[in-house]
Amino acid sequence: ALEPVSVGLAIGVAWALTGYLSHPSFYCNYVECCPSAAKRLDAEALKVQLNAKLFGQHLAKDVVLKAVTGFSNNPSPKKPLALSLHGWAGTGKNFLSQILAEHVHRAGLRSKFVHLFLATLHFPHHDQLKVYKEQLQNWIRGNVSACPRSVFIFDEMDKMHPGLIDAIKPFLDYYEQVDGVSYTQAIFIFLSNAGGDLINKAALDFWTSGKHREEIQLKDLEPMLYVGVFNNKNSGLWHSSLIDRNLIDYFVPFLPLEHRHVKMCIRAEMTARGYAVDEQVVQAVADEMTFFPKEQKIFSDKGCKTVQAKLDIHEDM
């Protein structure tokens with residue numbers, strides 16, 4: 001028979017061990033946990049990574065950095081943070097979203113608290129609009145209930161059925177709770193090519209007038225972008241209540257990339273592959289890219305989107 005003292009000691013050790021293993025500081029090293037409201041985003045680390053990896057987008061970097069830092073440092077935000085990123089393909093919208101997600105949740109897009117929706121994949125059929133709205137609301141409600149600091153990324157907004165995104169309007173509004181759930185710590189990011197033509201025209205006008213692109217300020221583009229996207233029938237934000245009710249906090253323009261920015265992308269891709277940067281290869285890849293306008297050839301019409309594929313051809317160099 002076991003002595004009472006031995007039994008008591010064994011039980012005490014078991015309780016202590018169980019308590020240690022279940023403590024958040026230990027448990028969350030091995031299982032992803034939702035960050036607490038007290039945890040602040042490392043703004044300096046985010047700034048360093050944006051400067052190192054996102055090229056030619058001084059406006060986007062500045063606006064997003066200030067927006068997410070202010071939101072993270074606010075102990076009691078009145079609504080979720082909503083960012084709408086606009087510009088042609090290859091200018092860095094997806095890339096910035098990925099970097100931001102990694103700084104909110106360490107696993108980034110692989111995190112169970114980061115949710116990516118693709119319009120053509122998740123909402124393909126117009127006749128299922130009512131079903132999609134209900135599914136979207138249930139999905140967001142369930143995930144925010146599990147983690148208040150959830151991140152939701154909606155890609156291909158220019159291909160989303162008009163009216164669908166309005167289903168999430170109650171979650172973006174100034175409510176402390178909706179059906180017992182608070183959404184004020186969540187982040188919503190919308191990615192769209194809509195408005196890209198307006199941004200490109202403004203960038204070309206600056207170039208034509210002899211101004212540097214770094215002189216372009218948010219106030220030069222955001223009002224035009226706001227109206228243009230709202231009235232764009234080929235956009236999921238067409239006449240959206242999210243815009244009408246001023247629930248999107250920032251319309252973030254992504255400028256068309258110049259030759260020098262494309263070369264930065266090529267060098268970064270070579271480094272990521274473990275290659276020594278060879279300027280001959282950099283120039284060869286850049287020469288295969290196409291630029292607009294046709295006469296001046298200032299801006300890349302695909303941004304950096306085809307850099308990886310182009311570099312594959314030159315690997316033997």
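Residues numbered from 1 in each chain as written. Predicted model: local features only at pLDDT ≥ 70, side-chain atom pairs only at ≥ 80, totals over all residues. Heavy atoms only, no water.

> What is the right way to read the UniProt feature "domain: Torsin-1A C-terminal" (unreviewed entry) in the chain from this model?
Mapped onto the present numbering, the UniProt feature "domain: Torsin-1A C-terminal" (unreviewed entry) falls at residues 257–312. A helix fraction of 52% and a strand fraction of 7% characterise residues 257–312, whose end C-alpha atoms lie 21 Å from each other. (UniProt positions renumbered as here; feature names shortened; annotations may be inferred. Helix = DSSP H or I, 4+ residues; strand = E, 2+ residues; numbered from the N terminus.)

> Looking at this structure, I do not really get the pairing of strand E3 (residues 151–155). What am I missing?
A regular strand carries its side chains on alternate faces of the sheet. By the criterion of burial, E3 is predominantly enclosed, with 5 of the 5 residues buried. Side chains Val151, Ile153 and Asp155 project from E3 onto one buried face, and the interleaved Phe152 and Phe154 project onto a second face that is buried too. Of the strand pairs in this sheet, strand E2 (residues 114–118) and E3 are connected by 5 bridges, and their pairing is parallel. Residue Phe117 lies in a different strand from E3, and its bridge partner there is Phe154. (Buried < 20%, exposed > 50% of the residue type's maximum accessible area, 1.4 Å probe, protein only. Pairing = 2+ DSSP bridges.)

> What exactly am I supposed to notice about the state of the cysteines here?
This model, assessed by the stated rule, comprises 3 disulfides. Here Cys34 engages in a disulfide with Cys147; their sulfurs sit 2.0 Å apart. Here Cys34 and Cys147 share a disulfide; its torsion about the S-S bond, 70°, makes the bridge right-handed. Here Cys34, found in the loop between helix H2 (24–27) and helix H3 (43–53), pairs with Cys147, found in the loop between helix H7 (129–146) and E3; they are 113 residues apart in sequence, far enough to count as distant. With a sulfur-sulfur separation of 2.0 Å, Cys265 is cross-linked through a disulfide to Cys304. Disulfide Cys265 to Cys304: torsion about the S-S bond roughly 80°, handedness right-handed. Of this pair, Cys265 sits in helix H12 (residues 259–272) while Cys304 sits in the loop between strand E7 (299–300) and helix H14 (307–313), and the two are 39 residues apart along the sequence. Classification of Cys265 by relative accessible area gives buried; the value is 14%. In this structure Cys304 comes out as buried when scored by relative accessible area, which is 17%. Taken in sequence order, the bonded cysteines of the chain link in the pattern 1-2, 3-4, 5-6. (Disulfide = S-S within 2.5 Å.)

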